[in-house]
Amino acid sequence: MQKIMVAVKRVVDYNVRVRVKPDGSGVVTDGVKMSINPFDEIALEEALRIRERGEAEEVIVVSIGASDCQQQLRTGLAMGADRAILVETGDRLEPLAAAQVLLKLIERESPELVILGKQAIDDDNSQTGQMLAALWDRPQATFASKLELTDGKATVTREVDAGLEVIEVDLPAVVTTDLRLNEPRYVKLPDIMKAKKKPLDTVPLADLGVGTDAQFKITNYAPPEQRQKGIMVEDVAGLVKALKDKGLV
Amino acid sequence: MSKILIIAEHDGTSLNPATAKTLSCALDFKADSVDIAVFAASGEAVAKQAAALTGVNRVLQIDNAANEHPLAAVLAPQVARLAADYTHVLGPSTTFGKDLMPRVAALLGVGQLSDIMEVRGSHEFRRPIYAGNAVITVEAPSDRTLVATVRVASYQAAAEGGSAKVEALSVDAQLPDHTRFGELRGGSSDRPDLQSAARVVSGGRALGSAEKFELIFGLADKIGAAVGASRAAVDAGYVPNELQVGQTGKIIAPELYIAIGISGAIQHLTGIKDAGTIVAINKDGEAPIFEVADIGLVGDLFQIIPELEAALG
């Protein structure tokens, strides 16, 4: 296959404990560490491994967002992507708009495979890959934990609630990644230096003709209800008594 | 006027409890009608179970050989066709619903709302983001179909005792052949289902091996509980993926949750915050799991589990 396209989202790093602003207008992101969405990192790693096995020629990493998304694309290039495209916008895109933008890039690049994370850990929506597949009128294989390519087809093992489901899809197709697909590589310093020379194209969102008007209006952000800290017991007898007092055993 | 369509989740013979929980959410809309659609190769038995839930007006049974397995690419065009008659289309926020509903929404050219945890009005909802570290209030547009998934851990299953009419239906939609079902592995267990069990015993990395994880299974069997696991235990290969509880695994709400050898990463805690009572057993008294536990016990799990089993015997 010629090309694999991987979409990555810049999100608050998964180690950051996200807090809601006191006025309920959003969450605190000032000065917070930002990273590639972990599932998207797995998506990129998978694409790189496919290329390294000689089953693909080129890996293109793309993102949508403000100019600071270039940091995450540079990380993607340092991991080994061949080139990067940033669709630049200051607006916050809902998944449907993101899928419409990605479809425009697909029309330009004609990849045979598009890999994304199964969800972004900020909005936890889990929608973009499925929507992209629908708009592209192509198969989707979501929550992948194993991906095999053979003559124009992908055999994908999916992590579903009932266990592992295996499906076969014709290429081109959209795959979204689950945790156990692979373990992404660490980026080494020389790779970061090399990545600076790799091409990173910027396309203004306006050039793609995709509207960004939000369909959903967020009117308030609130911290979750906290569970109260309970009691500590000394031993198993104490535990059993506490359970009995609550009528649980 | 609100008309809601729920897409049933099932395995061909039994209705998944997630459907009855989605129905509970739908009933909070105070809609004019709530219908359930059963897509199957032969959905009579499942349709009958759906019709027995209270609050359902009609069950639509769409039999088609292509619907034998729940492939989103095959189901979505059919759901999109049915959606024309409804104001809302809901599915459970399970792997089934998460796979299907965004595809339906995109075919309809509308956005999708994920993980409804509270209905405030026909177009106003609350949902969690950032692994449950924030809860947002969202207003959806009322001039188009609302496609959404329901966070099933936030709802009790709707009661049985209804007798809705079942209508056989054929849906005229072009179905793709680019996606083919292969097989489904795992999942066959005599133990209670993790997502709907009243009691769950979960183990973490501290168990140390798949062999030692058997201790968790033993305790669970003793009290008739389902078995869960932390991501670390699944990643380490102690148990299969379908047992993972947390942000990217299953979000559950049992009456009793016993976490053993689980430190309590935020991603795990988001999966259990609706549990009735949380019991934590861990050798590290500083573990974050104790911040949310109703009953905590610090100690060596390899001593505690046999003692607990004996005490409960």
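Residues numbered from 1 in each chain as written. Chains lettered and ligands numbered in written order. Predicted model: local features only at pLDDT ≥ 70, side-chain atom pairs only at ≥ 80, totals over all residues. Heavy atoms only, no water.

## A look at the sheet that holds strand E8 (residues 153-160) of chain A
Backbone-to-backbone hydrogen bonds pair the strands of a sheet. The strands run either parallel or antiparallel. Spelled out, the test is: Only strands joined by at least two bridges in the DSSP assignment are considered to pair. Where helices and strands are cited, they refer to DSSP runs of H or I of at least four residues and of E of at least two residues respectively, numbered from the N terminus. Interaxial angle, 0 to 180 degrees, is taken between N-to-C directions of lines fitted to C-alpha atoms, where a helix line uses only the stretch in contact. The contact definition used throughout considers only heavy atoms, calling two residues in contact when any of these lie within 4.5 Å.
Pairing is mixed across the open sheet formed by 10 strands, whose spatial order is E11(A)-E5(A)-E4(A)-E1(A)-E6(A)-E10(A)-E7(A)-E8(A)-E9(A)-E11(B). Looking along the sheet, the strands with just one partner apiece sit at the ends: strand E11 (200-204) of chain A together with strand E11 (179-185) of chain B. The mean inter-strand angle of the sheet, taken between neighbouring strand axes irrespective of direction, is 30°. Taken together, the 3 bridges between strand E1 (residues 3-7) of chain A and strand E6 (residues 113-117) of chain A define a ladder with parallel strand orientation. Within E6 of chain A, the residue paired with Val6 of chain A across the bridge is Ile115 of chain A. Sheet strands in contact with helix H1 (residues 38-52) of chain A are E1, strand E4 (58-65), E6, strand E7 (140-150) and strand E10 (173-177) of chain A, and its direction is about 150° off that of E6 of chain A. Lying over the sheet, helix H3 (residues 95-109) of chain A contacts E1, E4, strand E5 (83-88), E6 and E11 of chain A, oriented at roughly 145° with respect to E4 of chain A.

## Thoughts on the pairing of strand E7 (residues 124-129) of chain B
All names here are of chain B. Inclusion rule: Buried residues are those whose accessible area, probed at 1.4 Å on protein chains only, stays under 20% of the maximum for their type, while exposed residues exceed 50% and partly exposed ones sit between those limits.
In terms of residue burial, E7 counts as a mostly covered element, since 5 of its 6 residues are buried. Where strand E6 (residues 118-121) and E7 come together, 3 bridges link them in antiparallel fashion. Looking at the pairing, Val119 lines up with Phe125 of E7. The antiparallel hairpin formed by E6 and E7 contains 2 residues in its connecting segment. In terms of strand pairing, E7 meets strand E8 (residues 134-139) through 6 bridges, oriented antiparallel. The residue bridging Arg127 from the neighbouring strand is Ile136, located in E8. Here E7 folds back onto E8, and the loop between the two strands holds 4 residues, one of which, Tyr130, carries a positive phi near 45°.

## Side note on the side chain of Arg10 of chain A
Residue and element names in this part refer to chain A. Keep this limit in mind: Polar contacts here mean pairs of N or O atoms no more than 3.5 Å apart (in protein, one a potential hydrogen donor and the other a potential acceptor; neighbouring residues in sequence count only if both atoms are side-chain atoms).
Inspection of the secondary structure assignment puts Arg10 in strand E2 (residues 10-12). Its relative accessible area of 18% is what places Arg10 among the buried residues. Side-chain polar atoms of Arg10 contact the backbone oxygen of Asp68, separated by 3.1 Å. Reaching out from Arg10, the side chain makes a polar contact with the side chain of Gln71 at a distance of 3.0 Å. Not counting residues up to four positions away in its chain, the partners in contact with Arg10 are Met34, Ser35, Asp68, Cys69, Gln71, Gln72 and Asp122.

## Regarding the environment of Glu112 of chain A
Residue and element names in this part refer to chain A. Of note, Glu112 is situated in the loop between H3 and E6. Since its relative accessible area comes to 23%, Glu112 is described here as partly exposed. Separated by 56 residues in sequence, Glu112 and Ala56 place their C-alpha atoms 9.4 Å apart. Separated by 3.3 Å, the side chain of Glu112 and the backbone nitrogen of Gln2 make a polar contact. A polar contact of 3.0 Å, which involves the side chain of Glu112, links it to the backbone nitrogen of Lys3.

Geometric values such as these leave the question of function open.
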